[in-house]
Amino acid sequence: MSVVGPKTALVLAFAIAACFAGADQLEKRTEFPIALARLSVVFNNETHAFQHVRIYYDNTTNYVVISPLSAYMVKFTSEGREKSEYPKASQQGYLLSAFEAEQLNQVCKSFIATLDELQGDLQHQQWDRCLYLDAFLPRFLKGYFYLYCAVRNSMTALPIAACVPDTAYEPSIASPQSDERIGRWRSDPQRIIKLRIICEELIYQLKKWQDKELTNKRRDPDTNYGKKMEEAFTLFVKLYFNQDSDVTVPAKGKHL
């Protein structure tokens, strides 16, 4: 996956231009503000091994870098580039530092807001909005997978089924893959119900994780409070990408 960061809009513009000739054959998209933090995954050019994730907020060029063993923030001011290091709390890379918890909390806020929008759009069958969101959400989901693995210092912190392959999506608002994916949702009312349920469940588990670990100053640093969130995230990815033959969602009023 290439480094995109603040160039996301430019990439989308080129993608739109490339697909413009066939755009009239695609379903309608309706633009709306996307709350998601921008996550850019960086790999080693030679070994292709995962290196770190960059987090961009709002429309600034400032960013945060999270790797398995380090974290830092880069700000651009009138005096130039400023870098602030935030070392791990201990030599045990799987433990969350206060800085990592703060960044994850901000990312989760953006994720929760987007999931709430998606659940409402599914309920009201606003497929034009779902199609527009699909130009952004898959990239975020992949970034979230690597971000979580980075803070836990383990590439198995989440199941491999939660890692979105590059071939599964295009970062474009004119992608036939979006039409095909969401067309499958539209053709199956039960799938839509499952998606709505897992959106609500993931919101619930993200909020619990925030309360127990990300914003809790009295948390036990040796405890991973995110197990149920990990499970809900994996189920969401499977359902979103129609890989749900073995997915069972919680019954109404129940949780994982």
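Look above for the structure.
Remember, it's a predicted structure, so these values are computed and weren't measured experimentally.

S.K.: I'd like to hear about the overall build of the protein chain, residue by residue, with values.
M.R.: Assigned secondary structure in the protein chain consists of seven helices and five strands. Along the chain direction, N to C, the helices and strands of the protein chain fall in the order α-β-β-β-β-β-α-α-α-α-α-α. In the protein chain, which comprises 256 residues, the proportion classed as buried is 49%. Considering only intrachain contacts with a sequence separation of at least 6, the fraction spanning at least 24 residues in the protein chain is 66%. Of the roughly 13,100 Å² that the protein chain leaves accessible, carbon and sulfur atoms contribute 51%.

S.K.: Quick rundown of the packing of aromatic side chains? Include the residues and the values.
M.R.: Enumeration over the complete set of coordinates arrives at 19 aromatic pairs. Here Tyr-132 and Phe-136 contribute two aromatic rings whose centre-to-centre distance is 5.3 Å and whose plane-to-plane angle is 55 degrees, an arrangement assigned as tilted. Judged by centre distance (5.2 Å) and plane angle (80 degrees), the rings of Phe-145 and Tyr-146 are edge-to-face. Judged by relative accessible area, Tyr-146 falls into the buried class, the value being 11%. An aromatic cluster of three or more residues is present, and its members are Phe-111, Phe-140, Tyr-144, Trp-185, Phe-233, Phe-236, Tyr-240 and Phe-241.

S.K.: Hey, could you go over the sheet that holds strand 5 (residues 80–85) for me, with residue numbers and the actual values?
M.R.: Judged by pairing direction, the sheet is antiparallel, and its five strands sit side by side in the order 1-2-3-4-5 without closing on themselves. Two strands in the sheet have a free side with no partner beyond their single neighbour: strand 1 (38–43) and strand 5. Each strand axis lies, on average, 20 degrees off the axis of its neighbour in the sheet, ignoring direction. Bridging between strand 4 (residues 71–77) and strand 5 involves six bridges; their strand directions are antiparallel. Residue pairing across strands places Val-74 opposite Lys-83, the latter belonging to strand 5.

Parameters and conventions
Residues numbered from 1 in each chain as written. Predicted model: local features only at pLDDT ≥ 70, side-chain atom pairs only at ≥ 80, totals over all residues. Heavy atoms only, no water. Helix = DSSP H or I, 4+ residues; strand = E, 2+ residues; numbered from the N terminus. Buried < 20%, exposed > 50% of the residue type's maximum accessible area, 1.4 Å probe, protein only. Contact = heavy atoms within 4.5 Å. Areas by Shrake-Rupley, 256 points an atom, 1.4 Å probe, with all protein chains shown as cover. Phe/Tyr/Trp six-rings, centres within 6.5 Å; stacked < 30°, edge-to-face > 60°. Pairing = 2+ DSSP bridges. Axes fitted to C-alpha atoms, helices over the stretch in contact; angles between N-to-C directions.

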